Amino acid sequence: MRIDFDSVTSVPRMLLLSEFQLNSDFQVVLDRPMFVTVGDRVSYESGAVVVIRPTGEYHRHPVGNSHWTCRR
């Protein structure tokens, strides 16, 4: 499933998120898995995943590792 980490597009269904590709060349692994629920807006800011709930709650989740992936 593709999620836009743009803080504008809301998540269409509940997901357990542990790692993701921010773009086609950048892999991010969270420190601990997290749930994002329907309507949450997600962004990647300064080495952390930020979730803004529909109620306005703001949650910051640290990233365990991130790296560029090289393809031939």
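These lines cover the structure that appears in this document, whether it is placed above or below. (Residues numbered from 1 in each chain as written. Predicted model: local features only at pLDDT ≥ 70, side-chain atom pairs only at ≥ 80, totals over all residues. Heavy atoms only, no water.)

1. Points about the overall build of the protein
Consideration 1: Along the protein, the regular secondary structure elements total 0 helices and 6 strands.
Consideration 2: Start at the N end of the protein and walk to the C end: the helices and strands fall as β-β-β-β-β-β.
Consideration 3: Compactness check: the protein gives a C-alpha radius of gyration of 12 Å against a globular reference of 11 Å for 72 residues, within 12% of the reference.
Consideration 4: When its C-alpha atoms are laid out on the principal axes, the protein stretches across 45 × 20 × 20 Å. (Helix = DSSP H or I, 4+ residues; strand = E, 2+ residues; numbered from the N terminus. Rg over C-alpha atoms; globule rule 2.2 N^0.38 Å.)

2. Structural notes on unusual backbone geometry
Consideration 1: Unlike most non-glycine residues, S7 shows phi in positive territory, near 65 degrees.
Consideration 2: Among the secondary structure elements, S7 is positioned in strand β1 (residues 6–10).
Consideration 3: What makes S7 partly exposed here is its relative accessible area of 25%.
Consideration 4: The residue S46 is not glycine, and still its phi comes out positive at about 50 degrees.
Consideration 5: Residue placement: S46 occurs in the loop between β4 (41–45) and β5 (48–52).
Consideration 6: Residue classification places S46 among the exposed residues on the basis of a relative accessible area of 72%. (Buried < 20%, exposed > 50% of the residue type's maximum accessible area, 1.4 Å probe, protein only.)

3. Details of the pairing of β5
Consideration 1: The element β5 is largely enclosed, with a buried count of 5 among its 5 residues.
Consideration 2: Side chains A48, V50 and I52 of β5 all project onto a buried face; the interleaved residues V49 and V51 project onto the opposite face, where all are buried too.
Consideration 3: Where β4 and β5 come together, 5 bridges link them in antiparallel fashion. Bridge pairing links V42 to V51 in β5. (Pairing = 2+ DSSP bridges.)

4. Let's talk about the side chain of S43
Consideration 1: Examined against the element boundaries, S43 turns out to sit in strand β4.
Consideration 2: Within the local environment of S43, its side chain forms a polar contact with the side chain of E45, the two groups lying 2.8 Å apart.
Consideration 3: Non-local contacts of S43, meaning those with residues more than four positions away in its chain, are made with F5, S7, A48, V49 and V50. (Polar contact = N/O pair within 3.5 Å; in protein donor to acceptor, adjacent residues only side chain to side chain. Contact = heavy atoms within 4.5 Å.)

5. Here's the deal with the nonpolar core
Consideration 1: Among the nonpolar cores identified, the biggest contains 15 residues, and F5, F20, L30, M34, V36, V42 and V49 are the most heavily contacted of them.
Consideration 2: With 5 residues, strand β3 (residues 26–36) is the single largest residue contributor to this core. (Core = buried A, V, L, I, M, F, W, Y, C linked by side-chain atoms within 4.5 Å.)

6. A few points about the environment of G39
Consideration 1: Its place among the elements puts G39 in the loop between β3 and β4.
Consideration 2: In sequence terms G39 and R60 are 21 residues apart; their C-alpha atoms lie 16 Å from each other.
Consideration 3: Excluding residues that lie within four positions of it along the chain, G39 makes contacts with S10, V11, I52 and P54.

These figures capture arrangement, not role.
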